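Fold and contact review
So the chains spell out like this:
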2 protein chains.
Amino acid sequence: MLAKLVPAVEVGASASTGGMKLSQSYQCYPTLSRDISTSALTALLALTLSLLIVGSLALDIIETPFATLEDALGGSATFISLAASYFAPERVGVVGVVGEDFPERAWDLFRTRGIDTTGIEIVPGGKTFSWHGRYHYDMNTRDTLATNLNVFADFNPQVPKHFKSPDFLVLGNIQPDLQRQVIEHLDRRPKMILLDTMNFWIEGHLASLKRTLKLSNALVINDSEARLLIEHPSLIVAGRKLQEMLAEESPRIVIIKKGEHGALLFYDEHIFSAPAYPLEEIFDPTGAGDTFMGGFIGYLARRNSQDYEDAKRAVIYGTVLASYCCSKFSTEGIEDLSMELIHDRFRALRTLSSFELEEEMVI
Amino acid sequence: MLAKLVPAVEVGASASTGGMKLSQSYQCYPTLSRDISTSALTALLALTLSLLIVGSLALDIIETPFATLEDALGGSATFISLAASYFAPERVGVVGVVGEDFPERAWDLFRTRGIDTTGIEIVPGGKTFSWHGRYHYDMNTRDTLATNLNVFADFNPQVPKHFKSPDFLVLGNIQPDLQRQVIEHLDRRPKMILLDTMNFWIEGHLASLKRTLKLSNALVINDSEARLLIEHPSLIVAGRKLQEMLAEESPRIVIIKKGEHGALLFYDEHIFSAPAYPLEEIFDPTGAGDTFMGGFIGYLARRNSQDYEDAKRAVIYGTVLASYCCSKFSTEGIEDLSMELIHDRFRALRTLSSFELEEEMVI
């Protein structure tokens, strides 16, 4: 295993070369250079939780043409953190709220994936947020049959002390006031703040959303929501105008998700068009957008980077994770992937979209 | 100028190296190898009109949010032949029908672009086919206000003698019986038969359309029409099933056009996902699909090729030509392009969609 930790720390070539012993929770970085002391390193790691995710945790009811699932593990923070965990293991923390009914298998899953759950509040006697949705035959459209906010109605995100200096922050699709509250509670400004939102906030809380956008570096949004927010039919114009709504610093990143048509990344003056992974069957698209976001930010957190080439790759990794998400129900598709499987689809996407100008074409 | 003519003929490096003198009409291929005689070559060229296009020629009324145009030059054969002419100059022939009102400026344009119009029948006293359409604000949807078939109602495609052995044949969006009639009138089977169709034929003439598909190697179709024909929500499944409807030989090519989302090329077992060119403003999308098809087939005709790498590039050239088509009204955007402008957008599309797996990514 190789990993980029923090810029100043060198990482050795393989676990077998030895190196100092780290605490159990950081054992995935076993071969750090010997020239900094164990205690200093432990302190450094404690300071640099790399990725903080704030969002919902849910037990959903999902109806698809194939099957109906009850108590399906869901919620934006769930999908984002699981996807990110493949890139930034042991350094992902979640802030959210659940009821006492949140099942042991979910806690087990977070533990197995090395996700820090100390920021998840458990409301005594409470019930976990639940969304009940039904997908149409084409799997691209769905009806919400019920939204039971339960404990999520009073969600007041509290950021644990050791989460207060993340390098990367993801604010899942929650009330824009709450998103801003999280930013204000941090000890320092993260390297990147990535935002999600939805039509409900665009239509009903636009002023607040605009204030949150002005504090953020990056936005992930659906094509229909981008058009709703910008009121222009061209996604290219919408992407450009959305960039202008972000914090006035580089990079300004907007990603417009287009479902089966892939995604557009607007990065400062650049545009990158990413293909979708060509799935013949989609079993459950729930969480695919969040999973995309988790793969995207997880990869950047791992690289400790926000440069353009990494951002393009991050979009592809997000696409790969989202494709695995859609291939099974609920979180099943992203619970137990290998990096080999992830890289297989990364390469497949490259093959799918690469072409060259022929050398002899001179007219 | 360099050009690949027929496989046996070598092409020199530049016009300045001399080479034999060809007749005026083939002066764009000035540096052919000296080892075949002029008369043999002329005979060969006369035999191999490279690209035959059958379709409509029209004088449309186009309403967009920007302007209304009357007597706008249109029709599938018009857009296809203009686009193809950039790649296969002097070797493109059109079969179609017009009335006496077909304007001199249209004949001039075809002449300037080196398009052979001897296959266009002029009906004495007749009026040219006319479509009257209105685009909505988003330019992605339109209403047909009137379709005046005029002379097109009795279109009975007659293929002139020197058009009867084309290497590449495009059958624009006309009655499937007529498409088949053209194939049957040829002296030999073209290397590639490319078909267009529409919902009208899918819904009303399905059996005939299926018979025409079985004679063809390649189909270009809209996403909504692909779903209509295959009755499956997944475009990947639709593309695969459409391939099975084509002639049982390699290659089997299906291109699903997705408008602002680009195109999917299904080529035997391969899939290629092409991005759209990111236009901020679309002035008139009329003919963009036909222009795409013209760029696609024109490039293959020029290369005298149907291999996969060329087909991928051909999709990109088609995308480039279609983007220029949308940037102005009617045919204006594709009347006077340079290869430099075409290659500019080809390279821009490559930049837009290229990414690499980072070398050091080993987890």
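Residues numbered from 1 in each chain as written. Chains lettered and ligands numbered in written order. Predicted model: local features only at pLDDT ≥ 70, side-chain atom pairs only at ≥ 80, totals over all residues. Heavy atoms only, no water.

So, about the interface of chain A and chain B. One widely used convention gives an interface's size as the accessible area the parts lose upon coming together. Each partner contributes residues to the interface: chain A has 52 residues there, and chain B has 52 residues. Summed over both partners, the interface of chain A with chain B buries about 4,600 Å², with 58% contributed by carbon and sulfur atoms. Applying the counting rule to chain A against chain B returns six salt bridges. The salt bridge partner of Glu260 of chain A is Arg227 of chain B, with a shortest N-O separation of 2.5 Å. (Contact = heavy atoms within 4.5 Å. Buried area = accessible area lost by both parts, 1.4 Å probe. Salt bridge = Lys/Arg side-chain N within 4 Å of Asp/Glu carboxyl O.)

Turning our eyes to something else, we now look at the relation of the copies chain A and chain B. Here chain A sits on chain B after a turn of 180° about the axis and a move of 0.0 Å along it, with an RMSD of 0.0 Å. When the rotation and shift are considered jointly, the pair of chain copies conforms to a two-fold rotation axis. A shared interface surface links the copies, since 100% of the contact residues of chain A are contact residues in chain B too. (Least-squares fit on C-alpha atoms with pLDDT ≥ 70 in both.)

For any pair of aromatic rings, the description rests on two quantities: the centre-to-centre distance and the angle between the ring planes. By the definition in use, this model includes 29 aromatic pairs over all chains. With centroids separated by 6.5 Å and ring planes inclined at 75°, the aromatic side chains of Trp131 of chain A and Tyr135 of chain A adopt a geometry described as edge-to-face. We classify Tyr135 of chain A as buried; its relative accessible area is 6%. Each ring, one from Phe87 of chain B and one from Tyr317 of chain B, has its centre 5.1 Å from the other, and the planes form 65°; the classification is edge-to-face. A residue pair is termed long-range when its members are at least 10 positions apart, and Phe87 of chain B in the loop between helix H2 (76-85) and strand S4 (92-99) and Tyr317 of chain B in helix H10 (residues 308-326) qualify at 230 residues. Taken individually, Phe87 of chain B and Tyr317 of chain B each receive the classification buried, so the pair is uniform in this respect. Within the aromatic cluster, the residues linked to one another by ring pairs are Phe87, Phe272, Tyr299, Tyr317 and Phe346 of chain A together with Phe355 of chain B. Seen from the ring of Tyr277 of chain A, Arg345 of chain A lies directly overhead, with NZ or CZ sitting 4.3 Å from the centre. The ring centre of Tyr86 of chain B lies 3.8 Å from the NZ or CZ of Arg113 of chain B, which sits over that ring. (Phe/Tyr/Trp six-rings, centres within 6.5 Å; stacked < 30°, edge-to-face > 60°. Buried < 20%, exposed > 50% of the residue type's maximum accessible area, 1.4 Å probe, protein only. Helix = DSSP H or I, 4+ residues; strand = E, 2+ residues; numbered from the N terminus. Lys NZ or Arg CZ within 6 Å of the ring centre and 35° of its normal.)

Another aspect to go through is the side chain of Arg303 of chain B. Tracing the sequence through the fold places Arg303 of chain B in helix H9 (residues 288-303). Engagement of the side chain of Arg303 of chain B in a polar contact is seen with the side chain of Asp310 of chain B, the distance being 2.9 Å. (Polar contact = N/O pair within 3.5 Å; in protein donor to acceptor, adjacent residues only side chain to side chain.)

On to the sheet that holds strand S2 (residues 58-63) of chain B, then. All names here are of chain B. An order of S3-S2-S6-S7 is seen for the four strands of this open sheet, with the pairing classed as mixed. Each edge of the open sheet is held by one strand with a lone partner, namely strand S3 (68-74) and strand S7 (142-148). Strand-to-strand twist across the sheet, computed as the mean angle between neighbouring axes with direction ignored, equals 20°. Two elements, S2 and strand S6 (residues 130-135), share three bridges in a ladder whose sense is parallel. (Pairing = 2+ DSSP bridges. Axes fitted to C-alpha atoms, helices over the stretch in contact; angles between N-to-C directions.)

All right, on to the pattern of salt bridges then. All chains considered together, the criterion is met by 26 salt bridges over all chains. In this structure, Asp310 of chain A and Arg313 of chain A form a salt bridge, with 3.2 Å as the shortest nitrogen-oxygen distance. Here Asp310 of chain A and its partner Arg313 of chain A are both found in helix H10 (residues 308-326), three residues apart, which amounts to about one turn of the helix. What makes Asp310 of chain A buried here is its relative accessible area of 4%. Look at the salt bridges and you will find they share partners, linking Arg303, Asp310 and Arg313 of chain A together with Glu358 of chain B into a network.

Before going further, it helps to examine the environment of Arg302 of chain A. All names here are of chain A. When you line up the elements, Arg302 lands in helix H9 (residues 288-303). With relative accessibility at 8%, the residue Arg302 sits in the buried group. With 211 residues separating them in the primary sequence, Arg302 and Arg91 have C-alpha atoms 9.2 Å apart.

Backbone torsion omega between Ser250 of chain A and Pro251 of chain A reads -5°, so that peptide bond is classified as cis. Mapped onto the elements, Pro251 of chain A comes out in the loop between helix H8 (235-244) and strand S11 (253-257).

Don't take any of this as a statement about function, it's just geometry.
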